[in-house]
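Here's the letter readout for the chains.
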Amino acid sequence: MLFEEASLRMRRYRGDKELGGGATQADMTEAEAALGTTFPESYKAFLREFGWGGVGSWELFGVGRSVPEYLNLVRMTGMERTVAHPHIPRALIPIMNDGFGNHYCLATASLNKGECPVVFWDHEKDAKQEPKVVSPQFDLWLLDLLRESGI
């Protein structure tokens, strides 16, 4: 139910937005295999519906045929795991950059009953940091993000 409300808010928003056309099951399976993880169900719902996208001043990483390179989840996760410092741990999947080099991430090692927390990875701390949990699951985080943005 939470994702449906978030989706409706995103679709109805009349301001600046760019939403993808959705990802296939094959796109999601390939991305999970490439990243060595399983996505939470609410993030899969986002991927199925949009694939990737942005509303207002924020943009979510994703997968699918039309995803721009700078929002390509597999590419960006690979870069954050190998190029950026400190490297993001394999158990975290970055889903949005905050514009300052930090990332909101899915904590997929904590997947439970199909969902996992969204955490904040601070690029100014070291690799041994305990990322701050900002939401118990993706769909709630997305809906809160929309509400906080006035969307």
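These numbers come from a predicted model, not from an experiment.

J.: Honestly, the side chain of H103 in this entry has me stumped. Any pointers?
T.: As for its placement among the helices and strands, H103 is situated in strand β5 (residues 103–107). A distance of 3.4 Å separates a polar atom in the side chain of H103 from a polar atom in the side chain of N97. Beyond its immediate stretch of four places on either side in the chain, H103 contacts F61, E80, I88, P94, M96, N97, V119, F120 and W121.

J.: Whenever I open this one, the pairing of strand β4 (residues 92–97) confuses me. Can you help?
T.: Where a strand is regular, its side chains alternate between the two sheet faces. In terms of burial, β4 is largely enclosed, as 5 of its 6 residues are buried. Note that β4 and β5 share 5 bridges and pair antiparallel. When the bridges of β5 are listed, M96 appears paired with Y104. Hairpin connection between β4 and β5: a loop of 5 residues separates the two successive antiparallel strands, and G99 in this loop has a positive phi of roughly 90°.

J.: What is the right way to read the sheet that holds β4 from this model?
T.: Whether parallel or antiparallel, the strands of a sheet pair through hydrogen bonds between backbone atoms. Spatially, the 4 strands line up as an open sheet ordered β4-β5-β6-β7, and their pairing is antiparallel. Sheet topology places β4 and β7 (132–135) at the edges, where each strand pairs with a single neighbour. Each adjacent strand pair in this sheet contributes to an overall mean axis angle of 40°, direction not counted. Packed onto the sheet, helix α4 (residues 73–82) meets β4 and β5 and runs at close to 110° relative to β4.

J.: Honestly, the packing of aromatic side chains in this entry has me stumped. Any pointers?
T.: When we look at a pair of aromatic rings, we describe it by the centre distance and by the angle of the planes. Within this structure, the stated rule accounts for 9 aromatic pairs. Each ring, one from F138 and one from W141, has its centre 5.8 Å from the other, and the planes form 40°; the classification is tilted. Here W141 and F138 lie together in helix α5 (residues 138–148), a separation of 3 residues that amounts to about one turn. Under the relative-accessibility criterion, F138 is labelled buried at 0%.

J.: How should the environment of Q137 be read in this particular structure?
T.: By the element assignment, Q137 lies in the loop between β7 and α5. Taking the relative accessible area as the measure of exposure, Q137 reaches 23% and is therefore partly exposed. Between the alpha carbons of Q137 and L106 there is a distance of 8.3 Å; along the sequence they are 31 residues apart. With residues up to four places along the chain from it excluded, the contact list for Q137 reads L2, E115, C116, P117 and V118.

Reading guide: rules and limits
- Residues numbered from 1 in each chain as written.
- Predicted model: local features only at pLDDT ≥ 70, side-chain atom pairs only at ≥ 80, totals over all residues.
- Heavy atoms only, no water.
- Helix = DSSP H or I, 4+ residues; strand = E, 2+ residues; numbered from the N terminus.
- Polar contact = N/O pair within 3.5 Å; in protein donor to acceptor, adjacent residues only side chain to side chain.
- Contact = heavy atoms within 4.5 Å.
- Buried < 20%, exposed > 50% of the residue type's maximum accessible area, 1.4 Å probe, protein only.
- Pairing = 2+ DSSP bridges.
- Axes fitted to C-alpha atoms, helices over the stretch in contact; angles between N-to-C directions.
- Phe/Tyr/Trp six-rings, centres within 6.5 Å; stacked < 30°, edge-to-face > 60°.

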